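Given next are the chains, with one letter for each unit.
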Amino acid sequence: MTIDRRKIALLHVAKGKLGLSDEAYRLALAHIAGVTSSTELDLAGFEAMMGFFEWMGFFEWMGFKPLSRRGPAYGERPGMASFAQIALIRALWHEYTHHVYGGEDELNKWLERCFKVSSLRFLKAGTAPKVITALKAMKGRRAA
């Protein structure tokens, strides 16, 4: 299924703001999405093109900011969960809850109830894999 007119318009705005020639734009369409025109793009091709425009700096130039907060990074702390583990736990939690909970309050309540940890920042390196496995299992049960 092809994309709608708004997405096509966004592609053309990005093309213009980045100063791409028509030839360069069509070459990018062919190499990145495998199409010759933006009207032939499907959603995956559109997202690939937007990733290309992001790489070229379109979003920074336009002043766009991410819609969701990443959450605090607690830095490198010996014996504690790594930033990658914390980010994975947050992502799994948001997928499990279908992005219903915007903050980490419910996640922290769940961590306290199941793992006796009051916040992600206090999560130890040995406990993080258990939390990740539990969230994956919960997500799998919900999908089934």
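Above this text sits the structure in question.
Note that this is a predicted model, so its numbers are computed, not measured. (Residues numbered from 1 in each chain as written. Predicted model: local features only at pLDDT ≥ 70, side-chain atom pairs only at ≥ 80, totals over all residues. Heavy atoms only, no water.)

### Section: the environment of Ala 48
Relative to the helices and strands, Ala 48 resides in helix H3 (residues 43-55). Taking C-alpha positions, Ala 48 is 6.6 Å from Ile 32, a pair spaced 16 residues apart along the chain. (Helix = DSSP H or I, 4+ residues; strand = E, 2+ residues; numbered from the N terminus.)

### Some thoughts on the pattern of salt bridges
Pairing is possible between side chains that carry opposite charge, provided their charged atoms lie close to one another. Scanning the model with the defined rule gives 5 salt bridges in all. Notably, a salt bridge pairs Asp 22 with Arg 26, separated by 3.5 Å at the nearest N-O pair. Within this pair, Asp 22 and its partner Arg 26 are both found in helix H2 (residues 22-33), separated by 4 residues, close to a single helical turn. Residues participating in the shared-partner salt-bridge network are Lys 15, Asp 22 and Arg 26. (Salt bridge = Lys/Arg side-chain N within 4 Å of Asp/Glu carboxyl O.)

### Structural notes on unusual backbone geometry
Non-glycine residue Lys 116 carries a positive phi angle of around 55°. Along the polypeptide, Lys 116 turns up in the loop between helix H6 (105-115) and helix H7 (128-143).

### Considering the packing of helix H1 (residues 5-18) against H3
Running from amino to carboxyl end, H1 crosses H3 at an angle of 20°, the nearest separation of the two axes being 11 Å. For the element pair H1 / H3, the angle class is roughly parallel. Note on packing geometry: the crossing formed by H1 with H3 is left-handed. Here Lys 7, Leu 10, Leu 11, Ala 14, Lys 15 and Leu 18 of H1 lie close against H3, whose contacting residues are Leu 43, Phe 46, Met 49, Met 50 and Phe 53. Tallied by class, the residues present in the contact of H1 with H3 amount to 9 nonpolar, no polar and 2 charged. (Axes fitted to C-alpha atoms, helices over the stretch in contact; angles between N-to-C directions. Parallel < 35°, antiparallel > 145°, perpendicular 65-115°, else oblique. Left-handed = near helix turned anticlockwise from the far one by under 90°. Contact = heavy atoms within 4.5 Å. Nonpolar A, V, L, I, M, F, W, Y, C, P; charged D, E, K, R; others polar.)

### Observations concerning the side chain of Asn 108
In this fold, Asn 108 is placed in helix H6. Beyond its immediate chain neighbours, meaning those up to four positions away, Asn 108 contacts Val 117, Ser 118, Ser 119 and Leu 120.

### Considering the environment of His 12
Note on placement: His 12 falls in helix H1. As for His 12 and Ser 38, which are separated by 26 residues in sequence, their C-alpha atoms are 8.8 Å apart. The contact partners of His 12, leaving out residues within four places of it in the chain, are Tyr 25 and Ser 38.

### Quick notes on H6
Those residues of H6 lying buried are Leu 107, Asn 108, Trp 110 and Leu 111. Angular distribution of buried residues about the axis of H6 spans 160°; they occupy a single face of the element. Of the residues in H6, the exposed ones pointing more than 90 degrees away from the buried face are Asp 105, Lys 109 and Arg 113. Of the surrounding secondary structure, the elements contacted by the buried residues of H6 are helix H5 (83-96) and H7. Count one or two residues on from H6 and you reach Lys 116, which has phi positive near 55°. (Buried < 20%, exposed > 50% of the residue type's maximum accessible area, 1.4 Å probe, protein only. Arc of directions from axis to C-beta.)

Without other data, these values stay purely geometric and don't point to any function.
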